[in-house]
Amino acid sequence: MAKMLIGGELVDAQGGKTIEVRNPANGEVVGQIPRGTTADVDAAVDAARKAFPAWAAMPGSKRAKLMHAAALKMHEVVDEVAKLLAMEQGKPLAHAKIEAQRVAENLEYFAGLADKIRGDYIPLDDPSKFGITMRRPVGVVAAITPWNFPLTLFANKLCPALATGCTIVLKPASTTPLATQRAIEAINSAGFPPGVINTVHGAGSEIGDALVSHPKINKIAFTGQTATGKRIMELAAKNVTRVTLELGGSDAMIVADDADIRRATAAAAIGRFFNAGQACLAVKRIFLFEKIAEEFMTKFTERAQKEWKVGEQFAADTKMGPLHTEQQRAEVEAQVADAVKRGAKVLAGGKRPEGAEYSKGWFYPATVLTDVPEDSRMATEEVFGPAVPLFIVKELDEAITKANSSIYGLGSSIFTKDMAKARKAAEQLDAGYTWVNDIQIAYDQLPFGGAKQSGFGKEHGVEAIESYTEKKSVVLGSG
Ligand code: NAP
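Residue positions within a chain follow its written sequence, with the count starting from 1. Where totals are concerned, whole chains, interfaces and linings use all residues; where local detail is concerned, this predicted model gives features only for residues with pLDDT of at least 70, and gives and counts side-chain atom pairs only at 80 or more. The side-chain numbers reported here are obtained from all heavy atoms of the structure, hydrogens and water having been left aside.

### A short note on a nonpolar patch on the surface
Here the term patch refers to residues with relative accessible area over 30% and no salt bridge, with like charges joined within 9 Å and nonpolar side chains (Val, Leu, Ile, Met, Phe, Trp, Tyr) within 5 Å. Note on areas: these come from Shrake-Rupley sampling with a 1.4 Å probe, and a residue is covered only by the protein chains present in the view. In what follows, salt bridge is the name for a side-chain nitrogen of Lys or Arg lying within 4 Å of a carboxyl oxygen of Asp or Glu. A contiguous nonpolar surface patch, about 290 Å² in accessible area, is contributed by Tyr121, Phe130 and Leu476. Mapped onto the fold, phenylalanine 130 is located in strand S6 (residues 130–137). Put simply, DSSP H or I for four residues or longer makes a helix, DSSP E for two residues or longer makes a strand, and each gets a number counted from the N terminus.

Below, the structure written as structure tokens:
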């Protein structure tokens with residue numbers, strides 16, 4: 001059974017209870033985790049608070065060394081962690097491996113920044129004095145992560161926290177705690193002082209409030225649904241705790257009349273069907289210029305039908321595993337049904353795959369719809385599964401207006417050879433990211449975060465350092 005890491009010790013929940021973790025492909029129990037209580041939250045936060053002063057005072061180069069060592073430890077367990085991730089999350093093993101490797105890469109990236117965090121010298125009007133700014137770590141970070149990319153999303157929080165001298169209490173999703181816990185144990189074995197890295201497990205509905213409203217938490221780094229983010233923001237207000245919120249999205253892809261259709265359909269398919277569509281940054285609405293609409297639809301439908309083999313996560317030919325939970329599949333099915341009831345046409349997928357191998361899991365195929373009403377659920381809500389609506393537009397202004405009509409503003413993309421169109425899209429799409437002629441992949445080097453109800457605050461890039469540090473002004477008089 002997995003444990004929690006609190007103050008350097010691997011422990012069970014104080015209440016002695018556990019939660020079962022299940023394989024989404026067949027419902028079998030694959031592990032157990034402690035069902036943490038508020039007493040466990042208190043213990044983890046206290047441990048993180050106690051460890052904070054010494055960790056913050058440690059020279060950045062020493063923290064960097066530990067993080068580099070942790071990256072090596074992470075590399076050693078990639079296969080083991082990936083297997084756990086595939087089993088509990090449902091994603092194909094090969095994709096789980098990429099995700100586990102990303103943790104090590106993220107550690108390396110932020111280790112490289114740990115000894116480069118610094119302030120400024122600022123001349124003042126009075127020549128007998130001058131100002132400086134210093135960047136101080138914010139303190140104890142509560143990191144709360146979802147089940148879709150459990151590893152990369154905890155790394156996005158852990159790595160800048162460690163680099164800046166913050167300590168952390170991590171609460172993974174209760175349906176995907178196993179890979180995270182194993183990865184954390186490997187990372188911690190590099191020699192971090194006890195209490196720098198802590199985990200608590202348990203249902204967000206039971207321990208989430210205690211963690212988020214804890215007076216000794218200085219920052220909440222949250223990734224998850226917009227509804228949960230709103231609740232967290234409300235609770236954080238109680239202690240004026242800073243938050244970064246990485247929330248839902250409904251990314252638009254615009255395909256202009258001069259686009260390379262082969263590349264655009266390949267990017268749209270990966271952008272929509274990777275991770276069985278359960279990605280925040282995913283192509284969730286596609287706007288096609290009239291001239292290329294038919295060609296795009298035919299080629300994209302072909303890819304959806306032929307290239308995205310649904311199957312069990314350990315089968316070598318599986319491109320798409322099951323959806324993560326029964327509820328998740330029911331939600332996508334309801335969104336598709338709503339569109340169809342209102343006149344949408346199904347070009348690919350649209351119903352559960354048949355066969356004994358699919359009977360016990362939450363499988364759903366790559367699904368493409370056209371003639372989807374603009375006020376239907378598929379168009380207005382986040383679709384967190386492998387189904388996508390295609391819309392036809394006359395020109396770029398219409399595409400941008402429709403793309404921006406969403407409450408979300410996470411990612412966006414445009415396929416065009418015309419620099420003027422690309423520039424206009426980059427300038428006018430309300431989103432935290434715009435890709436031009438490229439697949440929606442977030443880069444370590446570029447700041448990532450949403451606009452509108454997709455949240456605020458940045459992960460990745462040197463910008464991530466800003467939200468884990470407080471810039472303090474100091475005036476130095478002549479004495
Ligand atoms: P979720 O239901 O909001 O859960 C996310 C995390 O919050 C889980 O650890 C959950 O714990 C916890 N939680 C639930 N209620 C809580 C509460 N009252 N207080 C504190 N924590 C609480 O999200 P999800 O369904 O796992 O994830 C899918 C969503 O995440 C999608 O909307 C997706 O777009 C978004 N997402 C956004 C990004 C981004 O970077 N913008 C990246 C990935 C995913 P339990 O598991 O125990 O419920």
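### Concerning the environment of tyrosine 121
Take tyrosine 121: it is sitting in strand S5 (residues 121–123). The contact rule is simple, with two residues in contact once any of their heavy atoms fall within 4.5 Å. Leaving out residues up to four positions away in the same chain, tyrosine 121 has contacts with Phe130, Gly131 and Ile132.

### Quick word on the site of the ligand
Only heavy atoms are used to decide nearness, and a residue is near a molecule or strand if one of them lies within 4 Å of it. Taken together, 30 residues lie near the ligand, and Thr145, Ser174, Gly204, Thr228 and Glu382 sit nearest. Side-chain polar atom of lysine 171 to an oxygen atom of the ligand: 3.1 Å apart, as the coordinates give it. Pairs of N or O atoms are called polar contacts if they sit within 3.5 Å, as long as, within protein, a hydrogen donor faces a hydrogen acceptor (for residues adjacent in sequence, only side-chain-to-side-chain pairs). Here an oxygen atom of the ligand and a backbone polar atom of glycine 224 are 3.3 Å apart. Bound to the protein, the ligand loses 90% of the 900 Å² it would expose on its own. At the level of elements, helix H7 (204–212), strand S10 (219–223) and helix H8 (226–237) are the ones that each hand at least two residues to the shell around the ligand.

### Notes on the sheet that holds strand S22 (residues 469–476)
If you trace the 3 strands from one edge of the open sheet to the other, you get S5-S6-S22, paired in antiparallel fashion. Because the sheet does not close on itself, it has two edges, and the strands there are S5 and S22. With strand direction ignored, the average angle separating the axes of adjacent strands in the sheet is 25°. Where S6 lies against S22, 8 bridges are found, and the strand directions are antiparallel. Think of it this way: DSSP has to see at least two bridges between two strands before they count as a pair. The axes are straight lines fitted to the C-alpha atoms, using for helices just the contacting stretch, and the angles between their N-to-C directions are given from 0 to 180°.

### A closer look at helix H1 (residues 38–57)
A rise of 1.5 Å per residue sets the reference length of H1, with its 20 residues, at 28 Å; its end C-alpha atoms lie 29 Å apart and thus fit the reference within 8%. Two axes enter the bend calculation: one fitted to the seven residues ending at the residue in question, the other to the seven starting there, and the bend is the angle between them. Of all the bends in H1, the largest measures some 40° and sits at alanine 51, one to four residues before the proline proline 53. Within H1 the residues assigned to the buried category are Asp40, Val41, Ala44, Val45, Ala47, Ala48, Ala51, Phe52 and Trp55. Helix span, expected: 1.5 Å multiplied by one less than the number of residues in the helix. Only protein chains enter the accessibility calculation, which uses a 1.4 Å probe; a residue whose area is less than 20% of its type maximum is buried, one above 50% is exposed, and one in between is partly exposed.

### With respect to the side chain of arginine 285
Following the sequence through the fold, arginine 285 ends up in strand S13 (residues 283–289). The buried charged residue arginine 285 lacks any salt bridge, with aspartate 251 as its nearest oppositely charged partner at 6.9 Å. Polar contacts involving the side chain of arginine 285 include one to the main-chain carbonyl oxygen of lysine 402, which spans 3.2 Å. The residues contacting arginine 285, other than those within four sequence positions of it, are Ser250, Asp251, Ala252, Met253, Ala379, Val388, Pro389, Phe391, Lys402, Ala403, Ser405 and Ser406. In this tally, Asp and Glu contribute negative charge and Lys and Arg positive charge; neither His nor the terminal groups of the chain are included.

### Some remarks on the packing of helix H3 (residues 78–89) against helix H6 (residues 178–188)
Between H3 and H6, the shortest axis-to-axis distance is 8 Å and the interhelical angle comes to 165°. The angle between the axes of H3 and H6 places the two elements in the roughly antiparallel class. H6 is crossed by H3, and the crossing has left-handed handedness. The segment H3 lies against H6, with Glu80, Val81, Leu84, Leu85 and Glu88 engaging Leu178, Ala179, Arg182 and Ala183. Charged residues are taken to be Asp, Glu, Lys and Arg, nonpolar residues to be Ala, Val, Leu, Ile, Met, Phe, Trp, Tyr, Cys and Pro, and polar residues to be all remaining types, Gly included. Residue classes in the contact of H3 with H6 are distributed as 6 nonpolar, no polar and 3 charged. Any angle between 65 and 115 degrees counts as roughly perpendicular, while under 35 counts as roughly parallel, over 145 as roughly antiparallel, and the rest as oblique. Each crossing is labelled by how the near helix is turned from the far one, with a counterclockwise turn of less than a right angle marking it left-handed and a clockwise turn marking it right-handed.

### Regarding the sheet that holds strand S8 (residues 167–171)
In a beta sheet, neighbouring strands pair by backbone hydrogen bonds and run either parallel or antiparallel. Spatially, the 6 strands line up as an open sheet ordered S9-S8-S7-S10-S11-S21, and their pairing is mixed. Unpaired on one side and paired on the other, strand S9 (197–199) and strand S21 (455–456) mark the two borders of the sheet. Taken together, the 5 bridges between S10 and strand S11 (residues 242–246) define a ladder with parallel strand orientation. The residue bridging phenylalanine 222 from the neighbouring strand is leucine 245, located in S11.

### Points about unusual backbone geometry
Here the phi dihedral of valine 240 falls at roughly 50°; this positive angle occurs in a residue that is not glycine. Topologically, valine 240 is positioned in the loop between H8 and S11. Take valine 240: its relative accessible area is 73%, and that puts it in the exposed class. Its identity is not glycine, yet histidine 460 carries a phi of approximately 70°, on the positive side. Among the secondary structure elements, histidine 460 is positioned in the loop between S21 and helix H15 (463–466).

### Details of the nonpolar core
Counting 59 residues, the largest nonpolar core has Met74, Leu107, Ile187, Phe192 and Ile197 as the members making the most contacts within it. Considering each element in turn, this core owes the most residues, 10 residues, to helix H4 (residues 93–114). Isoleucine 197 has contacts with Leu5, Leu158, Leu162, Ile168, Ile184, Ile187, Asn188 and Phe192, leaving out every residue within four places of it along the chain. The nonpolar core is taken to be a set of buried Ala, Val, Leu, Ile, Met, Phe, Trp, Tyr and Cys residues, with the residues joined through side-chain atoms within 4.5 Å. One finds Phe273, Tyr358, Met378 and Val383 within the second-largest nonpolar core, a separate group that totals 57 residues.

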